[in-house]
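Read off the chains here:
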Amino acid sequence: MADQPALRPGPIVRALQGAFARDAGRQELLQLAARRIQEAGPPYTSVYLYMLHGGELMLEAFAGRTTEHTRIPVGKGLCGQAVAELRDINQPDVSTAPGYLACNADTKAELIVLIRRGQEILGQIDVDSDMAAGFPAAEEQAVREVADALAVLL
Ligand code: SME
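Throughout what follows, the structure given in this document is the object of discussion. Please read all numbers here as calculations on a predicted model, not as lab measurements.

### Quick look at the overall build of the protein chain
Next up, step 1: Counting secondary structure elements, the protein chain contains 4 helices and 6 strands.
Next up, step 2: Along its sequence from the N terminus, the protein chain presents helices and strands in the succession α-α-β-β-β-α-β-β-β-α.
Next up, step 3: The C-alpha atoms of the protein chain give a radius of gyration of 14 Å, which matches the 15 Å a tight globule of 154 residues would have.
Next up, step 4: With the C-alpha coordinates of the protein chain rotated into their principal frame, the extents come out at 45 × 40 × 30 Å.
Next up, step 5: In the protein chain, which comprises 154 residues, the share counted as buried stands at 48%.
Next up, step 6: Summarising the internal contacts of the protein chain: among those between residues at least 6 apart in sequence, 53% fall at separations of at least 24.
Next up, step 7: Between the averaged position of the 14 positive side-chain charges in the protein chain and that of its 20 negative side-chain charges there is a distance of 4 Å.

In structure tokens:
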């Protein structure tokens, strides 16, 4: 049997649904998702919720280290590339990634999972890891489950 992912999406999805049911707003849902993912611990070092506003991603919630990249144009950095190319990005070694925007020297790997509602991209969950190749497929799938829940609830 495959190893269990560090991130268990089920309890997070249920927490998001519970918050939604008691009228939590967008900011609270995004912050809850960021905090609960980061609490999974390694490989989840820092979690950023960037939401799409026209041609720009705006940081609306995060847990972990602060970042200077609070607004990222579509097409810039790995975050902007994911939106421009309509795909998730799992970068095992950021030091080799063209266009990577660094926010600190300790990050080794980055995972970006788009929040999609049908054809529409609402934003993304961006996770930094201090562990090289930090995000095997099971972690990526777990983050996607949280992204899919947010797509319905936001
Ligand atoms: N590394 C990202 C920028 C966001 S910070 O890591 C939080 C990028 O290359 O787009």
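### Let's talk about the packing of helix H2 (residues 26-38) against helix H4 (residues 137-153)
Next up, step 1: At their nearest, the axes of H2 and H4 sit 11 Å apart, and the two run at 170° to each other. Put simply, H2 runs roughly antiparallel to H4. The segment H2 lies against H4, with Leu 29, Leu 30, Ala 33 and Ile 37 engaging Val 146, Leu 150 and Leu 153.
Next up, step 2: Tallied by class, residues from the contact of H2 with H4 come to 7 nonpolar, no polar and no charged.

### Some remarks on the site of the ligand
Next up, step 1: Within the structure, the ligand sits among 13 residues, and Leu 78, Cys 79, Tyr 100, Leu 101 and Glu 110 are positioned closest to it.
Next up, step 2: Residue Leu 101 places a main-chain N or O atom 2.8 Å away from a nitrogen atom belonging to the ligand.
Next up, step 3: Between the ligand and Glu 110 there is a distance of 2.9 Å, counted from a nitrogen atom to a side-chain nitrogen or oxygen.
Next up, step 4: Considered on its own, the ligand offers 300 Å² of accessible surface; in the complex 100% of this is hidden by protein.
Next up, step 5: Listed by contribution, the elements that provide at least two residues to the shell around the ligand are strand E1 (46-53), helix H3 (77-84) and strand E6 (120-129).
Next up, step 6: Looking at which element gives the most residues to the shell around the ligand, the answer is H3, with 3 residues.
Next up, step 7: Grouping the constituent residues of the shell around the ligand by class yields 8 nonpolar, 2 polar and 3 charged.

### Brief notes about the side chain of Asp 126
Next up, step 1: You can see Asp 126 is positioned in strand E6.
Next up, step 2: Summary of buried charges: Asp 126 has no salt-bridge partner, and the nearest side chain of opposite charge, Arg 65, is 11 Å away.
Next up, step 3: In contact with Asp 126, not counting residues within four places along its chain, are Ser 46, Val 47, Tyr 48, Tyr 50, Cys 79, Glu 110, Leu 111 and Ile 112.

### Observations regarding the sheet that holds strand E2 (residues 56-63)
Next up, step 1: Here we have 6 strands laid out as an open sheet, ordered E3-E2-E1-E6-E5-E4, and antiparallel in their pairing. For this open sheet the edge positions go to strand E3 (71-73) and strand E4 (89-91), each flanked by a neighbour on one side alone. Averaged over neighbouring strand pairs, the angle between their axes works out to 25° when direction is ignored.
Next up, step 2: As paired elements, E1 and E2 share 7 bridges and run antiparallel to each other.

Cut-offs and rules
- Residues numbered from 1 in each chain as written.
- Predicted model: local features only at pLDDT ≥ 70, side-chain atom pairs only at ≥ 80, totals over all residues.
- Heavy atoms only, no water.
- Helix = DSSP H or I, 4+ residues; strand = E, 2+ residues; numbered from the N terminus.
- Rg over C-alpha atoms; globule rule 2.2 N^0.38 Å.
- Buried < 20%, exposed > 50% of the residue type's maximum accessible area, 1.4 Å probe, protein only.
- Contact = heavy atoms within 4.5 Å.
- Lys, Arg positive; Asp, Glu negative; His and termini not counted.
- Charge placed at Lys NZ, Arg CZ, Asp CG, Glu CD.
- Axes fitted to C-alpha atoms, helices over the stretch in contact; angles between N-to-C directions.
- Parallel < 35°, antiparallel > 145°, perpendicular 65-115°, else oblique.
- Nonpolar A, V, L, I, M, F, W, Y, C, P; charged D, E, K, R; others polar.
- Near = heavy atom within 4 Å.
- Polar contact = N/O pair within 3.5 Å; in protein donor to acceptor, adjacent residues only side chain to side chain.
- Areas by Shrake-Rupley, 256 points an atom, 1.4 Å probe, with all protein chains shown as cover.
- Salt bridge = Lys/Arg side-chain N within 4 Å of Asp/Glu carboxyl O.
- Pairing = 2+ DSSP bridges.

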